Every structure is written in C-alpha cells, then in structure tokens.
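# Coordinate analysis (summary)
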Amino acid sequence: QTCALPISADQIRREVLDKNRKALVVFGGLHLLRKRPEFLTKMSGTIVTLLQDDPRARWFVVQPLGGPDLPWPVTVHLGTSEKPVWVADRTALDMDAAAVGWADHANQFKVREQVDALLYFGKAPPVLRKLR
C-alpha cells in the first residue's frame, strides 16, 4: 500500500506495527534524526525517537550528504550528483557529527549515532531535478 499523505508515529504504530506489516518510510531528513539538534528541542520528537522503544520498529536511516568542505572520510568516495555513492564504512560513520555540521560542538556524538549510512553526492551541493 502506498501512502503519500503526512503520516505520524501513531499511524505507523497502528497501521504497520500493530498489524505485523513492514513499511518503507521515506521522510525529509529532520523527521528521521536519532538525536535532535538543539534547535529542534521544542518538537515532541522525530518518527524514530517516538518509536525507538517499540521493539517491533527497526530503522535503517540513510542521510544524503554533499557539498564543499566535507571531511576526507566522506570525500575519498567518488560520488557525484549524477552518481551518488553509498557510504557506510567504519571510518566515515565513526566521524564526529560536528565534522559534517550535525552537532553544535565537537564530541557531542558520532555520525553512526544519527544514521546507518550516507548517500554522498560529491563536493558540489546536490542538484534537485524536476520530475517529469
């Protein structure tokens, strides 16, 4: 079943987990964060944090990443906007989250605490294309 409407953690619990179903949930990146940046602390939580205590819910979070000034554990991969590269190696995931701009200061948390993999679009910012 396909659903393009806004969906909540309660709906995922009721329509997927309670019915022993599986779902591919695709959201904008801020909805899937495992650790909320300080500017989001007024939110009640993300889809992942709201369902993290439910043993039936399992997540594999992939975050797109691209642009200049990223650290070498990411840029060593040859991703481009035309051919992004899947990055899930230990060196990249063990980076400090501040190195990719996800934390307010160093040593807050590691990239792996936020995501399971990166989709690297190269040194140029990702280009959004109009779908036909």
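The paragraphs below set out a description of the structure included in this document.

Criteria and thresholds
- Along each chain, residue indices are assigned from 1 in the same order as the chain's sequence is written.
- The model is predicted, so local features are restricted to residues of pLDDT at least 70 and side-chain atom pairs to those at 80 or more, both for listing and for counting; the totals for chains, interfaces and linings are taken over all residues.
- Processing note: side-chain calculations cover all non-hydrogen atoms of the structure and skip hydrogens and water entirely.
- Here a pair means two rings of Phe, Tyr or Trp (six-membered ring of Trp) with centres within 6.5 Å. Their orientation is stacked below 30 degrees between planes, edge-to-face above 60, and tilted elsewhere.
- Where helices and strands are cited, they refer to DSSP runs of H or I of at least four residues and of E of at least two residues respectively, numbered from the N terminus.
- To define a nonpolar core, start from buried Ala, Val, Leu, Ile, Met, Phe, Trp, Tyr and Cys residues and group those joined through side-chain atoms within 4.5 Å.
- Using a 1.4 Å probe on the protein chains alone, a residue whose accessible area is under 20% of its type maximum counts as buried, one over 50% counts as exposed, and one in between counts as partly exposed.
- Contacts between residues were defined by any pair of non-hydrogen atoms, one from each residue, lying within 4.5 Å.
- Note on pairing: DSSP must find at least two bridges between two strands before they are called paired.
- Between the N-to-C directions of two axes lies an angle of 0 to 180 degrees, each axis being a line fitted to C-alpha atoms and, for a helix, fitted only over the stretch in contact.
- Just to be clear on terms, a salt bridge is a Lys or Arg side-chain nitrogen sitting within 4 Å of an Asp or Glu carboxyl oxygen.

Attention now goes to the packing of aromatic side chains. This structure, assessed with the given rule, holds one aromatic pair. Centre to centre, the rings of Phe60 and Trp86 are 5.9 Å apart; their planes meet at 0°, and the pair counts as stacked. Of this pair, Phe60 sits in the loop between α2 (47–51) and β1 (62–65) while Trp86 sits in strand β2 (residues 85–87), and the two are 26 residues apart along the sequence.

Turning to the nonpolar core, a few remarks are in order. Grouped together as the largest cluster of nonpolar side chains are 18 residues, with contacts concentrated most on Leu65, Val74, Val100, Trp102, Val111 and Leu118. Counting only elements with at least two residues in this core, the list comes to α4 (90–93) and β3 (117–120). Setting aside its immediate chain neighbours within four residues, Val111 contacts Ala92, Leu93, Met95, Asp96, Ala97, Val100, Trp102 and Leu118. Listed in part, the seven residues of the second largest apolar core include Ala9, Ile12, Val16 and Leu51.

On to the sheet that holds β2. Pairing is mixed across the open sheet formed by three strands, whose spatial order is β1-β3-β2. The open sheet has two edge strands with one neighbour each: β1 and β2. Neighbouring strand axes in the sheet, compared pairwise and without regard to direction, differ in orientation by 30° on average. Of the strand pairs in this sheet, β2 and β3 are connected by three bridges, and their pairing is antiparallel. Directly across from Val85, in β3, lies its bridge partner Tyr120.

On to the environment of Val61. With respect to the helices and strands, the residue Val61 is situated in the loop between α2 and β1. The buried category is assigned to Val61, whose relative accessible area is 4%. Remark: the alpha-carbon pair of Val61 and Ala117, spanning 56 residues in sequence, is separated by 6.6 Å.

On to the pattern of salt bridges, then. Summed over all chains, the structure comprises seven salt bridges. The partner of Glu15 in a salt bridge is Arg14, with the nearest N and O atoms 3.8 Å apart. A salt bridge links Arg56 to Asp54; the nearest nitrogen and oxygen atoms lie 2.7 Å apart. Exposure remark for Asp54: the relative accessible area of 10% places this residue in the buried category. Each of Asp10, Arg13, Asp18, Asp54 and Arg56 takes part in salt bridges that share partners, so that together they form one network.

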